[in-house]
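# Chain and residue survey
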Amino acid sequence: MAEKWVLMVTAQTPTNIAVIKYWGKRDENLILPINDSISVTLDPQHLCTTTSVAVSPAFTHDRMWLNGKEISLSGGRYQNCLRELRARASDVEDEEKGIKIAKKDWEKLHVHIASYNNFPTAAGLASSAAGFACLVFSLAKLMNVKEDHSKLSAIARQGSGSACRSLYGGFVKWIMGKEENGSDSIAVQLADEKHWGDLVIIIAVVSSRQKETSSTSGMRETVETSMLIEHRAKEVVPRRIIQMEEAIKDHDFPSFSRLACSDSNQFHAVCLDTSPPIFYMNDTSHRIISCIEKWNRFEGTPQVAYTFDAGPNAVLIAHNRNAAKLLLQRLLFYFPPQSDTDLSSYVIGDKSILEDAGVHNMKDIEALAAPPEVKDNTPAQKYKGDVSYFICTRPGKGPVLLNDETKELLNAETGLPN
Ligand SMILES: Nc1ncnc2c1ncn2[C@@H]1O[C@H](COP(=O)(O)OP(=O)(O)OP(=O)(O)O)[C@@H](O)[C@H]1O
Ligand SMILES: C[C@@](O)(CCOP(=O)(O)OP(=O)(O)O)CC(=O)O
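Presented here is an overview of the structure given in this document.

About the criteria used
- Every chain is numbered on its own, with residues counted from 1 as its sequence reads.
- Note on labels: chains are lettered from A, ligands numbered from 1, in written order.
- With the structure being a predicted model, the display of local features is reserved for residues of pLDDT at least 70 and the display and counting of side-chain atom pairs for 80 or more, all residues being used for whole-chain, interface and lining totals.
- As a rule here, side-chain values come from all non-hydrogen atoms in the structure, and water together with hydrogens is ignored.
- Numbering of helices and strands runs from the N terminus; a helix is a DSSP stretch of H or I covering at least four residues, while a strand is a stretch of E covering at least two.
- The globule rule is 2.2 Å times the number of residues to the power 0.38, and the radius of gyration it is compared with is taken over C-alpha atoms.
- Summary of the burial criterion: residues with accessible area below 20% of their type's maximum are buried, those above 50% are exposed, and those between are partly exposed, where the area comes from a 1.4 Å probe applied to protein chains only.
- Every accessible area reported is derived by Shrake-Rupley at a probe size of 1.4 Å, with residue values counting cover from the shown protein chains alone.
- Charged residues are defined narrowly, with Lys and Arg counted positive, Asp and Glu counted negative, and His plus the chain ends left uncounted.
- Note that the charge is assigned to NZ on lysines, CZ on arginines, CG on aspartates and CD on glutamates.
- Any residue with a heavy atom lying within 4 Å of a molecule or strand is counted as near it.
- Contacts described as polar in this section are N or O atom pairs within 3.5 Å, which, within protein, must combine one atom able to donate a hydrogen with one able to accept it, while residues neighboring in sequence count only if both atoms come from side chains.
- Here, strands pair whenever DSSP counts at least two bridges between them.
- Whenever a helix is involved, its axis is fitted only over the stretch in contact; in every case the axis is a line through C-alpha atoms, and angles between N-to-C directions fall within 0 to 180 degrees.
- Helix span is expected to be 1.5 Å times the residue number reduced by one.
- Contacts are assigned to residue pairs with any non-hydrogen atoms lying within 4.5 Å of each other.

Time to look at the overall build of the protein chain. For the protein chain, the count of helices and strands is 11 helices and 19 strands. Here the protein chain has a C-alpha radius of gyration of 22 Å; the compact-globule value for 418 residues is 22 Å, and the two agree. For the protein chain, the C-alpha atoms occupy an extent of roughly 80 × 50 × 40 Å along the three principal directions. Residues counted as buried form 55% of the 418 residues belonging to the protein chain. Accessible surface for the protein chain amounts to roughly 18,100 Å². Of this, 49% is attributable to carbon and sulfur atoms. Distance between charge centroids for the protein chain: 2 Å, based on 46 positive and 52 negative side chains.

With that settled, the discussion passes to the site of ligand 2. If you check the shell around ligand 2, you find 18 residues, and the closest are Tyr-22, Lys-25, Ser-160, Ser-162 and Arg-165. Contact distances for ligand 2 include 2.5 Å between an oxygen atom and a side-chain N or O atom of Tyr-22. One of the side-chain nitrogen or oxygen atoms of Thr-216 is found 2.8 Å away from an oxygen atom of ligand 2. Burial of ligand 2 by the protein chains amounts to 95% of its free accessible area of 460 Å². It is helix α4 (residues 215–225) that provides the largest number of residues to the shell around ligand 2, a total of 3 residues.

With antiparallel pairing, 4 strands are arranged side by side in an open sheet as β2-β5-β12-β13. Taken across any chain shown, the strands that pair with only one partner, and hence form the sheet edges, are β2 (16–20) and β13 (187–191). With direction set aside, neighbouring strand axes in the sheet form an average angle of 35 degrees. In the sheet, strand β5 (residues 37–41) pairs with strand β12 (residues 171–174) via 4 bridges, with the strands oriented antiparallel. Residue pairing in the sheet places Ile-38 in a bridge with Lys-173 of β12.

A few words now on unusual backbone geometry. With an omega dihedral of -10 degrees, the bond running from Ser-275 to Pro-276 counts as a cis peptide bond. Relative to the helices and strands, Pro-276 resides in the loop between α6 (253–272) and α7 (283–299). The phi dihedral of Ile-31 falls on the positive side, at around 55 degrees, and the residue is not glycine. Looking at where Ile-31 falls in the secondary structure, it is placed in the loop between β3 (25–27) and β4 (32–33). Given the relative accessible area of 1%, Ile-31 is considered buried.

In this section: helix α2 (residues 127–142). Across its 16 residues, α2 extends 22 Å between first and last C-alpha, which sits within 8% of the 22 Å expected from 1.5 Å per residue. Most of α2 sits inside the fold, with 14 of its 16 residues counted as buried. One or two positions beyond α2, positive phi appears at Asn-144, with a value near 55 degrees.

A few words on the environment of Arg-287. Relative to the helices and strands, Arg-287 resides in helix α7. On the accessibility criterion, Arg-287 (29% relative accessible area) is partly exposed. Considering only alpha carbons, one finds Arg-287 and Val-315, 28 residues apart in sequence, at a separation of 13 Å. Not counting residues up to four positions away in its chain, the partners in contact with Arg-287 are Phe-335, Tyr-383 and Asp-386.

Below, the structure is given as structure tokens:
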């Protein structure tokens, strides 16, 4: 194998937001959780990771570049994923390029990985979920790993727990499993993205700075010190999982919303019950919760569900386009952009919701009326600049291979970043 060929695969993988949260591990190395969790996959058009992986006899060691910067692959999580994939690699033949890789060659061959997140990394927008899912999916294709998505999810899980749910589109359950080796701790699809196509998701990016306590250390401290976590994992979540599956199957938005909001609040309550306490939400997060709670109560039936991961950003799930329009009007009313902000960078993603809301420029935002649920009270206060930007999106599809050469992140001849 003295030739200098480069074989490359590029894939795109979505991120996901948990509506029944994973928080706490029973095995730190294999990443085995203490409860099942359920998530919604977000449309990769708006939030996704793109990863190119390449193999060449010319590569001297495994290397990775994340968002253009070289990072070390020596960490246990990357090593575990690479080892599991190499062990399952098969023969690969590319007749056109005259490349033949035998199964046993994969132990000696090295890979180059380049990945790009089209959203802030490590800011509570689940970059590790999309990132590890994409790494595993693309390497599995390159190495001709002949296993289904559920088996691949058990490998992605070893990169980051929530990553196993990004192997599927739509609505996904991560089954915690019972086996000590983690073989039954896998993700399964509950319903695809078309099943509940009415849902609209608006993310309020409250802060895109890197957070103080990572999910990994946060959940470790919770398991070690919180008395509430055991009750949550053993009593509360198992019941909620059954109810959430039903709500999704039946398109029952009121139940979906109540369960998602309660579960997010309970996750943040166990963070507060951790010693020392962990605060992921901030004042802006709390104001968003109040706004939604007030509106939902005023309407008599939930219009929007909220959920917050390990950070202050709000993920708001509206039951249809009309609710999303009314939601965006409320959000822009309470959280108008700074005067020097450009509207097109303040609301990104699916801008058609902005059209529905009748907001075309900054003047339209200033002209928004206070929502009816606050009218009788003192004039509603506004919090200009407290939200960095909004992303409008929807439930989306799972990983896909990209055959477009212009999307490749590695050079087809050198295997180095483009
Ligand atoms: N595209 C990627 N490919 C591979 N690994 C990635 C990628 N993006 C992020 N990661 C890994 O995930 C880490 C960030 O994970 P972290 O859990 O801190 O943040 P997050 O996933 O953005 O937030 P959260 O999981 O709490 O929602 C990065 O330091 C990196 O190791
Ligand atoms: C709050 C959460 O987003 C926690 C995600 O934790 P991670 O999957 O990032 O943690 P590790 O398994 O240690 O990598 C809830 C969820 O996604 O279910």
